[in-house]
Amino acid sequence: MTAPKRALIVIDAQQEYFEGLLPIQHPDRDTSIARIDDAIQAAKQAGIPVVLVQHELPAESPVFASGSPTYDNHLAVAAHENHATHRVHKKFSSIFANTDLAAWLREQSVDTITLVGYMTNNCVVASAAAAEPLNFAVEVLSDATGAIDLANEAGRASAQQVHETLMALLHSNWASVTDTGIWTTALQTDQALAKSDLVTSATQGRTNA
């Protein structure tokens, strides 16, 4: 199997998810931001590109307002800003929508993107799905991402339920889901990560029901 040509994509690791209106609730946000930092350090050591993405909305917006304190990257990620390989500002959930990221990744001959950051239930899942027609393989680090509790007219789900469900969903079709430690080892050995598929996941789901 050909060794993957990876890039680490840090999605919206911004203060909005720590000090703003959308605090990450599962996994523990202090733990997940530490794993994001670990992933950045591992990527740098392995010589793979690190892309920092920030969600940016107009100054009057209640979240991710341009120029606001909660728009800024978390300090653990901000420390890497001057050494990032590429930076992206977006206004949609997908990291590819109205950005130069897909073209830039192709210029770097990247074929596999590793997603960390926030939120599992919005920008991570949207970006993983959007990568499929662009022919990028996707990896998601489950301990370096995070979700929030959700409740609306359609129902209610805890952040843990949301996160664990979406990790299983992603691994069934759109991404290889693993943790930061296993991914770091894969970097060191230039190994691709395995993922399931929809038929296998469905079969196992019926078996374990």
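Above this note sits the structure.
Residues numbered from 1 in each chain as written. Predicted model: local features only at pLDDT ≥ 70, side-chain atom pairs only at ≥ 80, totals over all residues. Heavy atoms only, no water.

## Points about the pattern of salt bridges
Basically, it comes down to this: Any Lys or Arg side-chain nitrogen found within 4 Å of a carboxyl oxygen on Asp or Glu counts as a salt bridge. The helix count covers DSSP runs of H or I at least four residues long, the strand count covers runs of E at least two residues long, and both are numbered beginning at the N terminus. For the exposure calls, accessible area comes from a 1.4 Å probe over protein chains only, and a residue counts as buried if that area is under 20% of its type's maximum, exposed if over 50%, partly exposed in between.
Throughout the structure, instances matching the rule amount to four salt bridges. Across the pair arginine 6 and glutamate 139 runs a salt bridge whose closest N-O atoms are separated by 2.7 Å. Residue arginine 6 is located in strand β1 (residues 6-11), and its partner glutamate 139 is located in strand β5 (residues 137-146); the two are separated by 133 residues in the primary sequence. For arginine 6, a relative accessible area of 4% puts it in the buried group. Judged by its relative accessible area of 3%, glutamate 139 is buried.

## So, the side chain of threonine 120
Just so we agree on the cut-off: Any two residues whose heavy atoms approach within 4.5 Å are treated as being in contact.
Assignment of secondary structure puts threonine 120 in helix α4 (residues 120-131). Taking the relative accessible area as the measure of exposure, threonine 120 reaches 0% and is therefore buried. Other than its neighbours up to four places away in sequence, threonine 120 contacts Val125, Thr145, Gly146, Ala147, His163, Leu166 and Met167.

## Observations concerning the layout of surface pockets
For the record, the criterion: Think of a 1 Å grid over the protein atoms and nothing else: a 1.4 Å probe that fits but is trapped marks a cavity, an open set flanked by protein within 12 Å on at least five of seven lines marks a pocket, and residues with an atom within 4 Å of a point count as lining. Grid points are joined across faces, edges and corners, and a volume is the space filled by probe spheres set on the points.
Reported here for the largest pocket is a volume of approximately 250 Å³. Surrounding the largest pocket, 19 residues form its lining, Thr112, Ala137, Val138, Ser176 and Leu193 being those nearest its centre. Contributions of two or more residues to the lining of the largest pocket are made by α4 and β5. Residue contributions to the lining of the largest pocket peak at three residues, all from β5.

## Description of the sheet that holds strand β3 (residues 86-90)
Counted only if it meets this: A pair of strands is treated as paired once DSSP finds two or more bridges between them. Between N-to-C directions, angles cover 0 to 180 degrees, with each direction set by a line fitted to C-alpha atoms, over the stretch in contact for helices.
In space, the six strands of this open sheet follow the order β3-β2-β1-β4-β5-β8, with parallel pairing throughout. Only two strands of the sheet have a single partner each, and these edge strands are β3 and β8 (176-178). With direction set aside, neighbouring strand axes in the sheet form an average angle of 25°. With three bridges connecting them, β5 and β8 associate as parallel partners. Paired with leucine 141 across the two strands is threonine 178, which belongs to β8. Contacts from helix α5 (residues 159-173) reach β5 and β8, with the element oriented near 165° to β5.

## Focus on the packing of aromatic side chains
Worth spelling out the cut-off: Each Phe, Tyr or Trp ring, with Trp reduced to its six-membered ring, pairs with another whose centre is within 6.5 Å; inter-plane angles below 30 degrees give stacked pairs, above 60 give edge-to-face pairs, and intermediate values give tilted ones.
The tally for this structure, following the rule as stated, stands at four aromatic pairs. For the ring pair phenylalanine 96 and phenylalanine 136, a centre distance of 5.9 Å and an interplane angle of 5° mean the geometry is stacked. Of this pair, phenylalanine 96 sits in the loop between β3 and α3 (101-107) while phenylalanine 136 sits in the loop between α4 and β5, placing them 40 residues apart in sequence. Owing to a relative accessible area of 11%, phenylalanine 96 belongs among the buried residues under this scheme. By way of ring pairs, the aromatic residues Tyr17, Phe18, Phe64 and Tyr118 are connected into one cluster.

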